[in-house]
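# Close look at the chain arrangement
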Amino acid sequence: MAHGTGTVLTTVSAPYGVKLTAVQLAEKIVSPKSAEEYDAVAFSFFSDVSPSLQKEFIKQMGVNADMASKVANKFSKLAGFKLALSTE
C-alpha cells in the first residue's frame, strides 16, 4: 500500500472506528448510494482528505474520476458547501 493510501484510510476511518480496505473506500467514493445513505466515511474522503491526496488515491486505485466527482457533487449539495472534487 502506498503511503498516501495509508494516510487516506487513516483519515477517513479513525474518527468512526471503521476498518476498511482501499478497495472498499474506492467503491464507496464512486457509488451514488454513499451520498444517498449519508455514508460518513465517503463524505470524510471528500471533506477531510486533502485534494491532492484525493486525486492521488483515485489515480492509484484506478477509480473513475468522473464518477467520484458526481458523488462529490451529491455530498456537496447535502453539506451545503463546495467540496474539492465537486464540479457543480
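Residues numbered from 1 in each chain as written. Predicted model: local features only at pLDDT ≥ 70, side-chain atom pairs only at ≥ 80, totals over all residues. Heavy atoms only, no water.

## A word on the pattern of salt bridges
Selection criterion: For salt bridges, the criterion is a side-chain nitrogen of Lys or Arg within 4 Å of an Asp or Glu carboxyl oxygen. In this description a helix means any DSSP run of H or I spanning at least four residues, a strand means any run of E spanning at least two, and both kinds are numbered starting from the N terminus.
Taken as a whole, this structure holds two salt bridges when the rule is applied. Here K28 and D39 are joined by a salt bridge, their closest N and O atoms 2.6 Å apart. Residue K28 is located in helix α2 (residues 22-29), and its partner D39 is located in the loop between α3 (32-36) and α4 (40-48); the two are separated by eleven residues in the primary sequence. We note a salt bridge from K33 to E37, for which the minimum N-O separation is 3.8 Å.

## Let's talk about the packing of α2 against helix α5 (residues 51-61)
We count it as follows: Convention adopted: a line fitted to C-alpha atoms gives each axis, helices being fitted over their contacting stretch, and angles between N-to-C directions are expressed from 0 to 180 degrees. An angle counts as roughly parallel when it lies under 35 degrees, as roughly antiparallel when it exceeds 145, as roughly perpendicular when it falls between 65 and 115, and as oblique in every other case. When checking whether two residues touch, look at their non-hydrogen atoms; a contact exists if any pair is within 4.5 Å. Here the term charged refers only to Asp, Glu, Lys and Arg, the term nonpolar to Ala, Val, Leu, Ile, Met, Phe, Trp, Tyr, Cys and Pro, and the term polar to all other amino acids, Gly among them.
Taken N-terminus to C-terminus, the directions of α2 and α5 make an angle of 110°; their axes are 11 Å apart at the nearest point. Overall, the two elements α2 and α5 adopt an arrangement that is roughly perpendicular. Facing A22, V23, L25, A26 and I29 of α2, the residues of α5 in contact are F57, I58 and M61. The class makeup of the residues in the contact of α2 with α5 is eight nonpolar, no polar and no charged.

## Thoughts on α2
Stated precisely, the cut-off is as follows: Each residue's exposure class comes from its accessible area (1.4 Å probe, protein chains only) as a fraction of the maximum for that residue type: buried when under 20%, exposed when over 50%, partly exposed otherwise. Think of it as the arc spanned by the lines of direction from the helix axis to the C-beta atoms.
For α2, the set of buried residues is A22, L25, A26 and I29. Along the axis of α2, the buried positions cluster into a sector of 100°, meaning they face one direction only.

## Examining the environment of Q60
Mapped onto the fold, Q60 is located in helix α5. Note on Q60: relative accessible area 37%, which makes it partly exposed. Considered as a pair, Q60 and A22 are 38 residues apart in the sequence and their alpha carbons are 9.9 Å apart.

## Focus on the packing of aromatic side chains
As a reminder of what qualifies: Ring geometry is summarised as follows: Phe, Tyr and Trp rings, the Trp one being its six-membered ring, pair when their centres sit within 6.5 Å, and such pairs are stacked at plane angles under 30 degrees, edge-to-face over 60 and tilted between the two.
This model, assessed by the stated rule, comprises five aromatic pairs. An angle of 80° between the planes, with centres 5.2 Å apart, marks the rings of F45 and F46 as edge-to-face. Here F45 matches F46 in class, with each residue buried. With a centroid separation of 5.9 Å and an interplanar angle of 40°, the aromatic rings of F46 and F75 are classed as tilted. Residue F46 is located in helix α4, and its partner F75 is located in helix α6 (residues 65-79); the two are separated by 29 residues in the primary sequence. An aromatic cluster is defined as three or more aromatic residues linked by ring pairs; in this entry it consists of F43, F45, F46, F57, F75 and F81.

## Some words on the environment of L85
Within the secondary structure, L85 is located in the segment after α6. In this structure, the C-alpha to C-alpha distance between L85 and F46, residues 39 residues apart in sequence, is 7.1 Å.

## Remarks on the packing of α2 against α4
In the contact formed by α2 and α4, the axes pass within 9 Å of each other and the chain directions differ by 85°. Taken together, the axes of α2 and α4 are roughly perpendicular relative to one another. Where α2 abuts α4, its residues L25, K28 and I29 lie against V41, A42, F45 and F46. Across the contact of α2 with α4, the residue classes break down as six nonpolar, no polar and one charged.

In short, the description is geometric, and any link to function would need to be established separately.
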